[in-house]
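Geometric and topological summary
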Amino acid sequence: MGTALASIAACLVLAWLYKVINWVWVKPKRLETCLRHQGLKGNSYRFLYGDTKDNLKMILDASSKPILLSDDIAPRVDPYLNLCLRTYGKNFIMWMGPKPRVNVMDPELIKDVFNKINDFQKPAVNPLVALLTKGFAIHNGDKWAKHRKLINPVFHSEKLKSMMPAFYHSSNDMVSKWEKLTLDSADGSCELDVWPDLQNLTRNVIARTAFGSSYEEGKRIFELQTELSGLVMQALVSVYIPGWRFVPTKMNRRMKALEREIKASLRFIINKKEEALKEGKAASDDLLGLLLESNLKEMKEHKNKKDVGMSLDEVIEECKLFYFAGQESTSAMLVWTMILLSQHQEWQRRARDEVLQVFGTEKPYLEGLNHLKVVTMILHEALRLYPPGILVNRETRKETVLGNLTLPAGVMVSVPILSIQRDPDIWGEDANEFKPERFSQGVFNATKGQVTFLPFTWGPRICIGQNFSLLEGKMAVALVLKTFTFELSPSYTHAPYNVISLQPQHGAHLILHKF
């Protein structure tokens, strides 16, 4: 009996050792050989870490010093990828741990990657990163399709109308705060870092639109999510070793405690709204109320079948995604828009003239915001030069053809959005310059019909909240332009860096003048 148990234990240990060796060495070297035979260049795979250590070192070095406003931001924001582009060209292999990442910049290949969602799937998420959100944005296959179907009605254009008051009140609160600062000064101007206020603006919008009357409870969840986001970034820049999340490190314990508190708070809010719906009360117009209404309708139509609709835990994860995605991209878009307009006073004047022509002394309204052509051009150009997400990854789960490449299962395909949107071969020699007139005839004409403008990605999985974000952005920009002129402060330091989204590392110090 003892001999048999020892033999079983030995077999289990050997099987485990084989899996580990295969994961950290055999499989990566097999994939590398396959990709190199197809002409792809890049560093050779290095045990366990690949290029991760070099990548992290270059990021730390780059982020230690600012750049000039006229400098290309790519060497600072993603220095290792930029080095690979200069060394190997546009198609190459990088190693983020034991998994190869193939860089793709050809518009036709990008179209395939984003269109063929079953061939190029969302990669498995680091379990520690998943504590931030496990919403539909990371799902694949039938689960993604089910959740997307239930969430689509929440962001319908008709539903966005009901969110206009939240956009207005949150933006107006910020503008009123700034206005008081200018009025309290002797010359009607003030210097401040607008970045924290723009983050608070977008957080307040999400708290109001996601939870309505539960606004104050929503703000508390944001504070927890913000702390969790910082810890997630630390996890992202390291190689995840399977099982590491179970090790009771200080960071792991704190991340799990934050997740528990966030889920408990969301569960309380959701339960209140579900009870109201079951009692026959109309759904509230906030995102959560609309999602619960869509979910309840789906379940009733299918007579509460087990695999239909979302569970409570799944609704919680979608709420966490509302928080995370809903404020990150919009606050980043707004801060870079204000920085760019501070540099380019003529475009600031043109945008203000348009806002005053459309609204006069009225507060901004939906139809008017939709007719702001110059403001829309400026937002698009800001998103081109400073996309919130600088790259997107997909993964092959089976052998897949991409152009003239045959990619084995287990290969990451990386679309470097920042590099694509600043590529002179695509956008011309002035690709790094602020020229909103590129978008005077819309995105399709600006891109010549190619898939090269990707701030919200593209295809079936395009960001479901892009219209929400742009409408919120137009409201904030309109109110700011109606109230102030602004310029860069001498203390402004140009230091774009990537923390979940592309952000100003040292804030955005501007001088505001009451208009």
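Since we're looking at a predicted model, the values are computed, not measured.

**A word on the environment of Phe 47**
Turning to its location among the elements, Phe 47 is positioned in the loop between strand S1 (41-42) and helix H2 (52-62). For Phe 47 and Trp 25, which are 22 residues apart along the polypeptide, the C-alpha to C-alpha distance reads 6.6 Å.

**Focus on helix H4 (residues 79-88)**
Residues Pro 79, Tyr 80, Leu 81, Asn 82, Cys 84 and Leu 85 constitute the buried set of H4. Tucked inside the fold, the buried residues of H4 contact H2, helix H3 (74-77), strand S2 (92-95), strand S3 (100-103) and helix H17 (417-421). The first or second residue beyond H4 is Gly 89, which carries a positive phi of 90 degrees.

**Some details on the packing of aromatic side chains**
This structure, assessed with the given rule, holds 10 aromatic pairs. Note on Phe 359 and Tyr 365: the rings are 5.2 Å apart at their centroids and 90 degrees apart in plane angle, and the pair reads as edge-to-face. Judged by relative accessible area, which is 31%, Tyr 365 ranks as partly exposed. Through a chain of ring-to-ring contacts, three or more aromatic side chains come together here, namely Phe 155, Phe 167, Phe 322 and Phe 468. Here Arg 384 stacks its cationic end above the ring of Trp 427, 5.1 Å away from the centre of that ring. Above the ring of Tyr 386, the side-chain terminus of Arg 422 is found at 5.3 Å from the ring centroid.

**Considering the sheet that holds S3**
Strand order in the open sheet made by the six strands is S1-S2-S3-S9-S6-S4, with mixed pairing throughout. At either margin of the open sheet sits one strand with a lone partner, and together these are S1 and strand S4 (120-121). As paired strands, S4 and strand S6 (residues 392-396) are joined by two bridges and run antiparallel to one another. Pairing of Gln 121 across the sheet is with Glu 395, part of S6.

**A closer look at unusual backbone geometry**
Its identity as a non-glycine residue notwithstanding, Thr 457 has a phi of 60 degrees, on the positive side. Take Thr 457: it is sitting in the loop between helix H19 (442-446) and helix H20 (466-483). For Ile 500, which is not a glycine, the phi torsion comes out positive at approximately 65 degrees. Along the polypeptide, Ile 500 turns up in the loop between strand S11 (496-499) and strand S12 (501-504).

**Topic: the sheet that holds strand S13 (residues 509-514)**
Spatially, the three strands line up as an open sheet ordered S5-S13-S10, and their pairing is antiparallel. Every other strand in the sheet has two partners, leaving strand S5 (189-193) and strand S10 (484-488) as the edge strands with one partner each. With direction set aside, neighbouring strand axes in the sheet form an average angle of 30 degrees. Where S5 meets S13, five bridges bridge the pair, whose relative direction is antiparallel. Bridge pairing in S13 links Asp 193 to His 509. Running at roughly 130 degrees to S5, helix H8 (residues 164-183) makes contact with S5, S10 and S13 of the sheet. In the packing of helix H9 (residues 194-211) onto the sheet, contacts are made with S5 and S13, and the angle to S5 comes to roughly 70 degrees.

**Quick notes on the UniProt feature "binding site: heme" (unreviewed entry) in the chain**
UniProt's feature table lists "binding site: heme" (unreviewed entry) at Cys 463, given in the numbering used throughout. Here Cys 463 is to be found in the loop between H19 and H20.

**Some points on the pattern of salt bridges**
In a structure, side chains of opposite charge can pair up when their charged atoms sit close to one another. Summed over the entire model, instances satisfying the criterion amount to 34 salt bridges. Across the pair Arg 254 and Glu 227 runs a salt bridge, and its minimum N-O distance is 2.8 Å. With Arg 254 in helix H11 (residues 250-278) and Glu 227 in helix H10 (residues 215-236), the pair connects residues that are 27 residues apart, well separated along the chain. A residue is classified by how much of its surface remains accessible, and Arg 254, at 36% relative accessible area, is partly exposed.

The rules behind the values
- Residues numbered from 1 in each chain as written.
- Predicted model: local features only at pLDDT ≥ 70, side-chain atom pairs only at ≥ 80, totals over all residues.
- Heavy atoms only, no water.
- Helix = DSSP H or I, 4+ residues; strand = E, 2+ residues; numbered from the N terminus.
- Buried < 20%, exposed > 50% of the residue type's maximum accessible area, 1.4 Å probe, protein only.
- Contact = heavy atoms within 4.5 Å.
- Phe/Tyr/Trp six-rings, centres within 6.5 Å; stacked < 30°, edge-to-face > 60°.
- Lys NZ or Arg CZ within 6 Å of the ring centre and 35° of its normal.
- Pairing = 2+ DSSP bridges.
- Axes fitted to C-alpha atoms, helices over the stretch in contact; angles between N-to-C directions.
- UniProt positions renumbered as here; feature names shortened; annotations may be inferred.
- Salt bridge = Lys/Arg side-chain N within 4 Å of Asp/Glu carboxyl O.

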